[in-house]
Amino acid sequence: MWYHKPVINEELLQSLPNLKIVASSGVGIDHLDLNLLSSCGVKVSNTPFIVSTDTADLGMALMLASSRRLVEGYQMAVSPDTEYFPANWLGVEVSGATLGIIGMGTIGYKVAERAKAFEMKILYHNRKQRNNKEEIAVGAIYCKKIDDLLQQSDFVMLAVNLTPRTHRLIGKRELQLMKPTATLINISRGLVVDQEALVEALQNKVIKAAALDVTYPEPLPRDHPLLKLRNVIITPHIGSATKKTRHRMMENMTESIQAALTSLPIPNEVL
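The rules behind these values
- Residues numbered from 1 in each chain as written.
- Predicted model: local features only at pLDDT ≥ 70, side-chain atom pairs only at ≥ 80, totals over all residues.
- Heavy atoms only, no water.
- UniProt positions renumbered as here; feature names shortened; annotations may be inferred.
- Helix = DSSP H or I, 4+ residues; strand = E, 2+ residues; numbered from the N terminus.
- Buried < 20%, exposed > 50% of the residue type's maximum accessible area, 1.4 Å probe, protein only.
- Contact = heavy atoms within 4.5 Å.
- Polar contact = N/O pair within 3.5 Å; in protein donor to acceptor, adjacent residues only side chain to side chain.
- Pairing = 2+ DSSP bridges.
- Right-handed = clockwise from strand over helix to strand, strands pointing away.
- Axes fitted to C-alpha atoms, helices over the stretch in contact; angles between N-to-C directions.
- Parallel < 35°, antiparallel > 145°, perpendicular 65-115°, else oblique.
- Left-handed = near helix turned anticlockwise from the far one by under 90°.
- Nonpolar A, V, L, I, M, F, W, Y, C, P; charged D, E, K, R; others polar.
- Core = buried A, V, L, I, M, F, W, Y, C linked by side-chain atoms within 4.5 Å.

Student: Summarise the UniProt feature "domain: D-isomer specific 2-hydroxyacid dehydrogenase NAD-binding" (unreviewed entry) in the protein chain; cite the residues concerned and give the values.
Tutor: Under the local residue numbering, the UniProt record ascribes the feature "domain: D-isomer specific 2-hydroxyacid dehydrogenase NAD-binding" (unreviewed entry) to residues 60-239. As a span, residues 60-239 carries 32% helix and 16% strand, and end to end its C-alpha atoms are 11 Å apart.

Below, the structure written as structure tokens:
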């Protein structure tokens, strides 16, 4: 499967009685009915570790681009109407700011490693607390309650898997807990955020800005209000989109398929 295609449903499974495995690109498996696949005796694999470095890089890129108003600056610099650059056109600092990471798995931890180089104060919220050695290595402080992280962070970065627990994890209440000067960055899945609540928060200056690599649907309808807001940056779900990583993803998928066909242990099997 690439970009969630083809759609794996009961009709397709019935037409493929000898199917052994579904190898899905990327980390997320929210597009798959694991119970249905298991009932048909079909294994599932993904490529969870390959994408983490590039996705963490993009998270940092979105934070920097949003804080320094990179897209607006580019538009100003190339506009045929620009006669001078205003001296009071300012962004906000990343170095020394507080970054709250929601989801401290492989991607979230790599974000923390990068943020440490920017001398950021790092908070994180996760189902399980990282061990003390890992926390010290990046200078991360665990927030058992997500509310504490939201209230303290200048930048909130979402790096969780989409599950029933994380569906619309960030809604109106959570956005209102954030600082009015804060930026929300989403490199996980669009449905982790209540998009209608986000539009309202951005329009009413409940938070300062948002930088999103994911939305729902993808792409957004061309008349969607998020596309009209100057304090939003949206990229087309490109967290893992580098040539080397995409090639390694395909290699991983092929290895899983070959293992399934020869009854060997499947690399990155989703249980």
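Student: Explain helix H9 (residues 195-203) to me, using residue names and the numbers behind them.
Tutor: Within H9, the full set of buried residues consists of Gln195, Ala197, Leu198, Val199, Ala201 and Leu202. Against the buried residues of H9 lie helix H8 (172-177), strand S7 (183-186), strand S8 (209-212) and strand S9 (232-234). A side-chain oxygen of the first residue of H9 lies 3.2 Å from the backbone nitrogen of glutamate 196; this N-cap is aspartate 194.

Student: I'd like a rundown of the pairing of S8, residues and numbers included.
Tutor: Neither face of S8 is open: one carries Ala209 and Ala211, the other Ala210 and Leu212, and all of them are buried. Two strands pair when backbone bridges link them, and S7 and S8 are joined in this way by four bridges, in the parallel orientation. Among the inter-strand pairings, isoleucine 185 is bridged to a residue of S8, identified as alanine 211. In this fold, the crossover linking S7 to S8 by way of H9 has right-handed handedness.

Student: Provide a residue-level description of the sheet that holds S7, including the pertinent values.
Tutor: Strands sit in the order S5-S4-S3-S6-S7-S8-S9 across an open sheet of seven strands; the sheet is parallel. A strand with exactly one partner marks an edge of an open sheet, and here the two such strands are strand S5 (140-142) and S9. Strand-to-strand, the axes of this sheet are offset by a mean angle of 15°, without reference to chain direction. Here H9 sits on the sheet in contact with S7, S8 and S9, set at roughly 140° to S8.

Student: Can you break down the packing of helix H3 (residues 52-67) against helix H5 (residues 106-117) residue by residue, with the values?
Tutor: Taken N-terminus to C-terminus, the directions of H3 and H5 make an angle of 50°; their axes are 8 Å apart at the nearest point. What the angle tells us is that H3 and H5 run oblique. In this structure, H3 meets H5 at a crossing whose hand is right-handed. In this structure, H3 uses Ser52, Thr53, Thr55, Ala56, Asp57 and Met60 to contact H5, whose residues at the interface are Thr106, Ile107, Lys110, Val111, Arg114 and Ala115. Looking at the contact of H3 with H5, its residues break down into five nonpolar, four polar and three charged.

Student: Would you mind going over the side chain of serine 25 in detail, with residue names and values included?
Tutor: Mapped onto the secondary structure, serine 25 falls in the loop between strand S1 (21-23) and helix H2 (34-39). Residue classification places serine 25 among the buried residues on the basis of a relative accessible area of 14%. When sequence neighbours within four positions are dropped, the list of residues in contact with serine 25 reads Met1, Trp2, Tyr3, Thr47, Met249 and Met253.

Student: Which residues make up the nonpolar core, and what values do they have?
Tutor: Within the largest apolar cluster, 29 residues are counted, with the highest numbers of intra-cluster contacts made by Ile102, Ile170, Leu175, Leu184, Leu198 and Leu226. Of all the elements in the fold, those that place two or more residues in this core are helix H7 (146-152), strand S6 (155-158), H9 and S8. The biggest single contributor to this core is H9, with five residues. Among all residues touching leucine 184, those that are not within four sequence positions of it are Val156, Leu158, Ile170, Leu175, Met178, Val193, Leu198, Ile207, Ala209, Ala210 and Ala211. Residues Leu62, Ile107, Ala140 and Met157 belong to the second largest nonpolar core, which totals 28 residues.

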